[in-house]
Every structure is written in C-alpha cells, then in structure tokens.
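Below are the chains, spelled out letter by letter.
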Amino acid sequence: MQQTLTVLGATGSIGVNTLDVVRQHPERFRVFALTAHKNIMLLSQQCLAFSPEYAVVADESGAAELRDILRAYKSKTEVLHGPAALVDVAKDSQVTTVMAAIVGAAGLSPTMAAVEAGKRVLLANKEALVMSGHLFTSAVKRNGGQLLPIDSEHNAIFQCLPDNFTSVAAAGIQKIILTGSGGPFRETALSELQHVTPAQACNHPNWSMGQKISVDSATMMNKGLEYIEACWLFNVTEDQLEVVVHPQSIIHSMVQYLDGSVLAQMGQPDMRTPIAHCMGWPDRIASGVEPLDFTRLSGLHFEAPDFQRFPCLQLAMNAWRSGGDYAVALNACNEVAVDRFLNGEIKFTQIAEFIDQILEIWDSSEPVCIDDVISADLEAREMADKVVRA
Ligand code: NAD
Ligand code: MG
C-alpha cells in the first residue's frame, strides 16, 4: 500500500535524505506535506519536485515569499505558516506516515500530534522523546500508532531485536551497547577544548548533520540524549545499557544476549540506511547507500567514554536517573547553550558548565501532560538565558 507522507523539517539534513529515498521509490510514497523553518529557497525546490498538497513555513513573510515562487511555476501546493499548521499537517486524516525531523523542542507538538493521531511516526527528533518520555510512549500504545527509530543507533538496536520484542528480559537480552564516535574532539588535549570554534565542533569526522546535533556530538550530549532515548524506546535499566566509543562509526550499536551472542548492525555512516529501513519497514528497500567494503576497512576500535572529556554525557545519565522533568531541563539548557556557542557568545566547555549549574538548582516535578513539559521547557530556557547572560 502506498504511504502518504508528511516530512516535518524537510529542508534539514534528515529531511533532505528522506526525500532522496522517496525519490527512489515513487510508487511507495506520496508526499502530502513538507515543512521548513526559514529555508524558503530549498523548500520551494522540494515543492516543485514532489508536489505536496501543503507546505508549511515559520511565518507570514516566509509564506508570502514561497507563494510568489510557487505561483510562477503554477504549483498547486497550498502554503501555510506557524506552529498550528505544523500540527495540522502532522495529524491530517490523509497522512499515514510522519517523518519527525524538526530539530529540538520545536518538534514536540507536531510529533505528539502525529502520535495522538495514531500515525506511523519515524522519529529523528530525539529531543521530543527525551522531553516527554512516558507521555510519548504511552500515547503511541494508546493510539495504536507505530514508532520507528531513525536515529542510527536506535535503528541498529531495533534491527538486532527479535521481531516479537516485548522486553529485554523476555527476549533473553543481557545488555544493549550504544556506540558513539566520540566526535571531532576525542583526542584533542583537554586544555585546548575551551578554545575550539563552532566550525571545528561542526566538523564531524564521519557524519554530515545539522549544526545543533553536530555540536551535541562534539560534547557527547548527543550520546546522552540517545541514552535517554534508548531507555524509553527499549525499556532498559541502567545496568542493561552501556555506552561504548567506536570512532569508525561502522557498527551503529549492538545487542548482547544471555548466551554470549552479540548482534551488531553495520553499514556506512549514511542516514539514508536507517531512513530507508523505517520507510520500507517491514520490507527492505534500496537507499542509495554504497555497500560496505570490508577489505577496505582499516579496523574497528572501541574504548570506554571519558567522562572528564565529555561531562555532558554524565549530566544526561544523571538526569535520566533523577527522573521527574530533569531531562526536560537538561534538553532546554543544552539547546540554549549550544545556540550561544554557535553564535560565539560562550566557550565550548561552558556548555556543560551552564547545564550543570541549572540542574543543580532545578526544582523537579513529574509532568502529567504535554503542557507541563512545555512549561518546564520554557522555565528552564529562561533560567539558562539568565545564567548565560550573567
Ligand atoms: P537540521 O538543522 O539540518 O534541520 C532541522 C529542520 O528543522 C530544518 O528543516 C528546519 O527548517 C526545521 N526547523 C528548525 N527549527 C524549527 C522550528 N523552530 N520550527 C519548525 N521547524 C524548524 O537538523 P538535522 O540534522 O536534520 O536533525 C533533525 C533532527 O534529527 C534532530 O532532532 C537530530 O537530533 C535528529 N537526528 C539527526 C541526524 C543527522 O544525521 N542529521 C541523525 C540522528 C538524529
Ligand atoms: Mg544517533
């Protein structure tokens, strides 16, 4: 059956790779809506190539600009704007599948709307799950939707689990091994880290990604967010989840079973593999990714994460352990701090320092609805803003 697709964050790194997979399988996918924040030029090209019913942008001026371009090409795509329109195109009754690829907390409401509407949700926007945890996973169950992980590590784990997976205990799993490359500063002298620039932080050795996740990879906050993401997706406890640094990014994560077997998923560090896996699931479809050539691999190396070098990883693990809405505060402060670092306002090493300061004084409570999550997010942002400005 053909899937009708909304791509939230179509102009980002994940969005562009998603449309590349769609282009290879026109019989499988019809594009219903494409959304972007500010990149009107790219979104206009995508609209002309995929003829969606709707395109959504941030504001009225962007919408006017996009309408002008599309009109010149006699495009029938209707242009909407604002957060409510993102929700509308995520939950529309015609949509079967939503690629959730907006970066950060901005993706929470439309992603939750897709979940509430029982869609097949392809989750790249890990921040949404980190923030809303059990509210998110219980809404998936309650509404009969499907949650398929796009994040390469979680997609790898998903591929290494048995088809009828219900729990790690029932599946005979000893632990899940979450791998991470260690980013561009794995071997930089610790004393140099305070001087690294945004351009250096965004220059990931293996993956080409958006700016925010690139900085998160350099601090290993990305692995911290993924640690929390894995806890929610696979319902594991701390002793069932281990982070291992694997600089080559060929193994994307592993599952170790009670009998000593370890299943690993491997492939090129190219997001079109997990994207095609989720988009075709349960079928396997071509992604356009080059196959691995084992004779040309120089070796696979592994080491334990260095928490002195990567304090953000420890902060995220602590936030998970503390429960309540600590993960909401962690994520919000991280978004503020990364933004300031990218703007040249704070040092790389201050990202962890600011998050730590806020979490030390954070007054946690258990969110009972998404509005609680959203207000905790706003409160943490305000606190982070003050600390960064002080
Ligand atoms: P990106 O910065 O390249 O793209 C982000 C997209 O979100 C763009 O389309 C942008 O227009 C849109 N957007 C940004 N702010 C918005 C806002 N306030 N409202 C509405 N739309 C907004 O990011 P990316 O690298 O594609 O990452 C997207 C998500 O996928 C992130 O959550 C990231 O952690 C996750 N992810 C990315 C990769 C990767 O390889 N890039 C891998 C795993 C997970
Ligand atoms: Mg990942």
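Here the structure is a predicted model, which is why all the values come from computation and not from measurement. Along each chain, numbering runs from 1 in the same order as the chain's sequence is written. Chain labels run from A onward and ligand labels from 1 onward, assigned in the order the entries are written. Whole-chain, interface and lining totals are the exception, using all residues; otherwise, since this is a predicted model, local features are given only for residues with pLDDT of at least 70 and side-chain atom pairs are given and counted only at 80 or more. Side-chain figures throughout are based on the complete set of non-hydrogen atoms in the structure, without hydrogens or water.

The next thing to look at is the coordination of the magnesium ion (ligand 2). Each donor-metal-donor angle in an ideal tetrahedron of four donors is 109.5 degrees, and each such angle in an ideal octahedron of six donors is either 90 or 180 degrees. Taken together, Asp151 (OD), Glu153 (OE) and Glu226 (OE) make up the protein donors of the magnesium ion (ligand 2), found 2.1 to 2.2 Å from the metal. Excluding water, the donors of a metal are its N, O and S neighbours within 2.8 Å, or within 3.2 Å for Na, K and Ca, and that exclusion means sites may look incomplete. Within one chain, the residues donating to the magnesium ion (ligand 2) are spaced in sequence as D-x1-E-x72-E. Here Glu226 lies in helix H10 (residues 221-234) and Asp151 lies in the loop between strand E7 (146-149) and helix H7 (152-160), a separation of 75 residues in the sequence. Exposed residues in this analysis have more than 50% of their type's maximum accessible area, buried residues have under 20%, and partly exposed residues fall in between, with area computed by a 1.4 Å probe over protein chains only. Assessed through its relative accessible area of 7%, Asp151 is described here as buried. The class for Glu226 is buried, based on a relative accessible area of 1%. A run of H or I in DSSP becomes a helix once it reaches four residues, and a run of E becomes a strand once it reaches two; helices and strands are each numbered from the N terminus.

Phe136, Leu330, Phe348, Ile351 and Ile355 are the most contacted members of the largest nonpolar core, which totals 69 residues. Two residues qualify as a contact provided that any one of their heavy atoms is within 4.5 Å of a heavy atom in the partner residue. Excluding its chain neighbours within four sequence positions, the residues that come into contact with Leu330 are Met221, Leu225, Ile228, Leu315, Ala316, Ala319, Ile355 and Leu359. The set of buried Ala, Val, Leu, Ile, Met, Phe, Trp, Tyr and Cys residues whose side-chain atoms join them within 4.5 Å is what this entry labels a nonpolar core. Counting 35 residues, the second-largest nonpolar core is a separate cluster that includes Cys47, Leu70, Met99 and Ile150.

The subject of this paragraph is unusual backbone geometry. Looking along the chain, the bond that leaves Trp281 and enters Pro282 is cis, with omega of 5 degrees. Within the secondary structure, Pro282 sits in the loop between helix H11 (272-280) and helix H12 (311-322). Of note, the phi angle at Ser249 is positive, near 50 degrees, even though the residue is not glycine. Taking relative accessible area as the criterion, Ser249 reaches 5% and is therefore assigned buried. Despite not being glycine, Ser253 has its phi angle at roughly 160 degrees, a positive value. Residue placement: Ser253 occurs in strand E10 (residues 251-257).

Attention now moves to the packing of aromatic side chains. Paired rings are identified among Phe, Tyr and Trp, the last through its six-membered ring, by centres lying within 6.5 Å, and are further divided according to the angle between planes into stacked (under 30 degrees), edge-to-face (over 60) and tilted (the rest). On inspection of all chains with the given rule, the structure shows five aromatic pairs. Centroid distance Phe158 to Trp281: 5.8 Å. Interplanar angle 45 degrees. Geometry classified as tilted. Linking Phe158 in helix H7 with Trp281 in the loop between H11 and H12, this pair joins segments that are 123 residues apart in sequence. Look at Phe158 and you get partly exposed, because its relative accessible area is 23%. On the basis of relative accessibility, which here comes to 28%, the residue Trp281 falls in the partly exposed class. Ring centres 5.6 Å apart and planes at 65 degrees place the aromatic pair Phe341 and Phe348 in the edge-to-face group. With respect to burial, Phe341 and Phe348 carry one shared label: buried. Grouped by ring-pair contacts, the aromatic residues Phe185, Phe341 and Phe348 constitute a single cluster.

This brings us to the domain arrangement of the chain. Under the domain assignment used here, the chain contains domain 1 (3-149) and domain 2 (323-390). Here the C-alpha centre of domain 2 lies 26 Å away from the C-alpha centre of domain 1. Between domain 1 and domain 2, the contact holds 11 residues from the first and 13 residues from the second. Taken together, the two surfaces of domain 1 and domain 2 that pack against each other cover about 850 Å², and 73% of this comes from carbon and sulfur. Every case where a carboxyl oxygen of Asp or Glu lies within 4 Å of a side-chain nitrogen of Lys or Arg is listed as a salt bridge. Counting across the domain 1 and domain 2 interface gives zero salt bridges. Note that the domain bounds reflect an automated or database-derived domain assignment. When two parts are brought into contact, each loses some accessible area as probed by a 1.4 Å sphere; the total of that loss over both is the buried area.

You can see Arg272 is positioned in helix H11. Engagement of the side chain of Arg272 in a polar contact is seen with the side chain of Asp20, the distance being 3.0 Å. A 3.5 Å cut-off defines polar contacts: any pair of N or O atoms within that distance qualifies, except that in protein one atom must be a possible hydrogen donor and the other a possible acceptor, and neighbouring residues in sequence count only when both atoms are side-chain atoms. Among the polar contacts made by the side chain of Arg272, one reaches the side chain of Asp270 at a distance of 2.8 Å. Excluding residues within four positions of it along the chain, Arg272 makes contact with Asn17, Asp20, Val21, Ser287, Gly288 and Val289.

Moving on, we come to the pattern of salt bridges. Tallied over the entire structure, the rule returns 24 salt bridges. Across the pair Arg142 and Glu116 runs a salt bridge whose closest N-O atoms are separated by 3.5 Å. You can see Arg142 sitting in helix H6 (residues 126-142) and its partner Glu116 sitting in helix H5 (residues 108-116), a full 26 residues away along the chain. Given a relative accessible area of 37%, Glu116 falls into the partly exposed group. Its salt-bridge partner being Asp306, residue Arg309 comes within 3.9 Å of it at the nearest N-O pair. Using a relative accessible area of 31% as the deciding quantity, one classes Asp306 as partly exposed. Each of the salt bridges in this network shares a partner with another, and the network as a whole consists of Lys126, Asp151, Glu153, Lys223 and Glu226.

Taken in spatial order, the four strands line up as E9-E8-E10-E11 in an open sheet, and their pairing is mixed. Two strands bound the open sheet, and with one partner strand each, they are strand E9 (241-245) and strand E11 (262-266). Pairwise comparison of adjacent strand axes, ignoring direction, gives a mean angle of 20 degrees for this sheet. The criterion for strand pairing is that DSSP finds at least two bridges linking the strands in question. The pairing of strand E8 (residues 173-180) with E10 spans four bridges and is classified as antiparallel. Across the sheet, Ile176 pairs through a bridge with Val255, a residue of E10. Helix axes use the C-alpha atoms of the stretch in contact, all axes being lines fitted to C-alpha atoms, and the angles between their N-to-C directions lie in the range 0 to 180 degrees.

Pairing between the strands of a sheet is mediated by backbone hydrogen bonds and can be parallel or antiparallel. The sheet built from seven strands is open, its strands ordered E4-E3-E2-E1-E5-E6-E7 with parallel pairing. Each edge of the open sheet carries a strand with a single partner, namely strand E4 (78-81) and E7. In this sheet, neighbouring strand axes are inclined to one another by 25 degrees on average, regardless of whether the strands run parallel or antiparallel. Taken together, the four bridges between strand E3 (residues 54-57) and E4 define a ladder with parallel strand orientation. What sits directly across from Tyr54, in E4, is Glu78.

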